[in-house]
Amino acid sequence: MPSPTILWLRRDLRLSDHPALVAAIGRGGPVIPVFIRDGQVDDMGAAPKWRLGLSLDDLAKRFEEKGSRLIFRSGEALDVLLKLVEETGATAVHWSRLYDSRSIDRDSKVKSALKDTGIEAVSHEGHVLHEPWTVETGTGGFYKVYTPYWKAVKDRDVPEPEATPSTVPAPDTWPSSETLEAWALGTSMRRGADVVARYVSVGEEAARGRLGSFMGHGIHSYSDERDRPDHDGTSRLSQHLALGEIGIRTVWHAAYRQLHDKGGAGPETFLKELVWRDFAWHLIHHTPHIRDTAWREEWAEFPWQKDNAEATKWKRGLTGEPIVDAGMRELYVTGYMHNRVRMIVASYLTKHLMTSWRVGHDWFEDCLVDHDPASNALGWQWSAGSGPDATPYFRVFNPQTQAEKFDPDGVYRKRWLDVDASDEAAAFYDAIPESWGLSPDDAYPERMIGLKEGRQRALDAYEDFKN
Ligand SMILES: Cc1cc2nc3c(=O)[nH]c(=O)nc-3n(C[C@H](O)[C@H](O)[C@H](O)COP(=O)(O)OP(=O)(O)OC[C@H]3O[C@@H](n4cnc5c(N)ncnc54)[C@H](O)[C@@H]3O)c2cc1C
């Protein structure tokens, strides 16, 4: 019998549409799926790490249904893989590629060290629609602006998703595994976990269910509804896509079929949003500093404040600006925030509060169950004005006007702020740490800063900065 293949899983926690899994099975021998808790996992924010644990639990069951197992090991990825190779007699390691600098550094070292010991080490496509280096401008560079990027890829072929394998061949004896219980990936969520758990949807089957219902109903009204936080108008696939519980090719083809069969603005707008995700990975690949420092280097000098008391109120939904506070509470209770509201709260923090986008970026990284390193970095730098294809700094969102336009009847704000009328608003007080000292009986706070005053302060700072 051919020797075993190790399948190293990371942000590809599914069985369908999985080129690395198909290739591992295709080698003919047993497949040993492994997830490694390395430094990258330890450094994840509280909510995404907890959400990862739920996903791994689900995936382990799916492997069992296929006659296989998911092995859990912790340590440096290379050490773990070399040890597994030695223990199992595996002659190959396969995985799905990632494109952020930390993953690239780790994976390159793993690849060359495995090859040095005569082990086949193969990375596969599948995390994005188009590999970042395959989309080039006319002069051979990478794209820094979304619209030309979209034009470059919109008619490109996307490979059809691979089918789910009927079985995953098992070795005669399994290597030992640590347990998710011992890993306790949800520890930092503390009491928030019970509340956020009511809102998450976990695993491949749930992801496929969501995709199916969105293709059946939501996609055709998507272009009209996607900006309305008071409506259920988006796919809610982000937490699944972030961990690869559903393959992006699967989502692309489903939407593409809708465009082909029924036409209309909805499917095309949705495909464009999927391409924003790809664009984010394209940028993090070509400009890895997008995650840590101002993407436009001159913006490193902008007089943003570091973390501060006003930013703390922003995090806790206590700014006195209802749409901002509603968004921040939605985030804390559900681990999710509507895209329109993400843009509003990001503009408010970086402009009205003149606080660095890094503060918001790091808070989102801690709180979002759909945290994605590429989309989060792009979303923040875009909103702050320091990023690629960014909204200009002088375009300051007025949260009140935004609220009137996108939450015209106040339904969203009521849902997250009115504790007497809404269980979800009340749940905020169950989720937050007791150390915040907040009670549902507290009066809603006064505005921290006048909207005109905050806007003017930001514009004055921008004028000084330009000159
Ligand atoms: C400040 C800020 C931070 C953000 N952080 C994240 C993050 O950590 N993780 C994340 O997945 N998205 C992030 N986004 C993008 C966007 O808000 C979410 O992808 C979207 O709200 C998810 O909801 P949905 O799945 O219902 O999206 P839908 O509207 O149904 O879109 C479908 C999919 O397209 C992708 N997508 C949609 N909009 C964007 C976008 N603007 N940028 C990149 N991809 C997009 C997502 O994968 C999404 O699941 C951020 C946006 C901003 C402004």
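Cut-off values and rules
Residues numbered from 1 in each chain as written. Predicted model: local features only at pLDDT ≥ 70, side-chain atom pairs only at ≥ 80, totals over all residues. Heavy atoms only, no water. UniProt positions renumbered as here; feature names shortened; annotations may be inferred. 1 Å grid on protein atoms, 1.4 Å probe; cavity = no way out; pocket = protein on both sides within 12 Å on 5 of 7 lines; lining within 4 Å. Helix = DSSP H or I, 4+ residues; strand = E, 2+ residues; numbered from the N terminus. Contact = heavy atoms within 4.5 Å. Buried < 20%, exposed > 50% of the residue type's maximum accessible area, 1.4 Å probe, protein only. Near = heavy atom within 4 Å. Polar contact = N/O pair within 3.5 Å; in protein donor to acceptor, adjacent residues only side chain to side chain. Sits in = over half its atoms within 2 Å of the grid points. Nonpolar A, V, L, I, M, F, W, Y, C, P; charged D, E, K, R; others polar. Domains from an automatic or database assignment. Axes fitted to C-alpha atoms, helices over the stretch in contact; angles between N-to-C directions. Points joined across faces, edges and corners; volume = space filled by probe spheres on them.

### Section: the UniProt feature "binding site: FAD" (unreviewed entry) in the protein
In the numbering adopted here, UniProt assigns the feature "binding site: FAD" (unreviewed entry) to Tyr222, Thr234, Ser235, Arg236, Leu237, Ser238, Phe270, Asp370, His371 and Asp372. Lining the largest pocket, from the residues named above, are Tyr222, Thr234, Ser235, Arg236, Leu237, Ser238, Phe270, Asp370, His371 and Asp372. Along the chain, the position of Arg236 falls in the loop between helix H10 (222–225) and helix H11 (238–243). Apart from residues lying up to four places away in sequence, Arg236 is in contact with Arg210, Glu330 and Tyr336. Examined against the element boundaries, Leu237 turns out to sit in the loop between H10 and H11. When its relative accessible area of 2% is taken as the criterion, Leu237 is described as buried. Once residues within four sequence positions are removed from consideration, Leu237 is found in contact with Ala207, Arg210, Leu211, Val251 and Phe270.

### Section: the site of the ligand
Around the ligand sit 26 residues in total, of which Tyr222, Thr234, Ser235, Arg236 and Asn339 are the nearest. The side chain of Glu273 places a nitrogen or oxygen atom 3.1 Å from a nitrogen atom of the ligand. Most atoms of the ligand, that is more than half of them, are within 2 Å of grid points of the largest pocket. Breaking the shell around the ligand down by element, the ones donating at least two residues are H11, helix H13 (265–286), helix H16 (339–352) and helix H18 (373–384). Broken down by element, the shell around the ligand gets its largest block of residues, 5 residues, from H13. The class makeup of the residues in the shell around the ligand is 12 nonpolar, 8 polar and 6 charged. Structurally, the shell around the ligand is a two-domain feature, drawing no fewer than three residues from each of domain 2 (128–159 + 195–285) and domain 3 (297–466).

### A short note on the UniProt feature "site: Electron transfer via tryptophanyl radical" (unreviewed entry) in the protein
In the numbering used here, UniProt assigns the "site: Electron transfer via tryptophanyl radical" (unreviewed entry) feature to Trp304, Trp357 and Trp380. These residues run over 77 residues, yet every pair of their C-alpha atoms falls within 13.7 Å of each other. Residues that both appear in the annotated list above and line the largest pocket are Trp380. Tracing the backbone shows Trp357 in helix H17 (residues 357–367). Here Trp357 falls in the buried class, since its relative accessible area comes to 3%.

### Some thoughts on the packing of H16 against helix H22 (residues 451–466)
Relative orientation of the contacting elements H16 and H22 amounts to 65°, with a least axis distance of 8 Å. In contact with Tyr348, Lys351 and His352 of H16, H22 contributes Leu451, Gly454, Arg455, Arg457 and Ala458. Residues of the contact of H16 with H22, tallied by class, amount to 3 nonpolar, 2 polar and 3 charged.

### What to know about the layout of surface pockets
Put simply, the largest pocket is a space of about 1200 Å³. Lining the largest pocket we find 40 residues, and of these Arg226, Glu273, Trp276, Asn339 and Ser375 sit closest to its centre. At the level of secondary structure, the elements contributing two or more residues to the lining of the largest pocket comprise H11, H13, H16 and H18. Looking at the lining of the largest pocket, the element that brings in the most residues is H13, giving 8 residues. When the residues that make up the lining of the largest pocket are grouped by side-chain class, the tally is 18 nonpolar, 11 polar and 11 charged. Residues from two domains meet in the lining of the largest pocket; each of domain 2 (128–159 + 195–285) and domain 3 (297–466) gives at least three. Volume-wise, the second largest pocket comes out at about 380 Å³. Lining the second largest pocket are 23 residues, with Arg11, Gln40, Val41, Met44 and Ser103 sitting closest to its centre.

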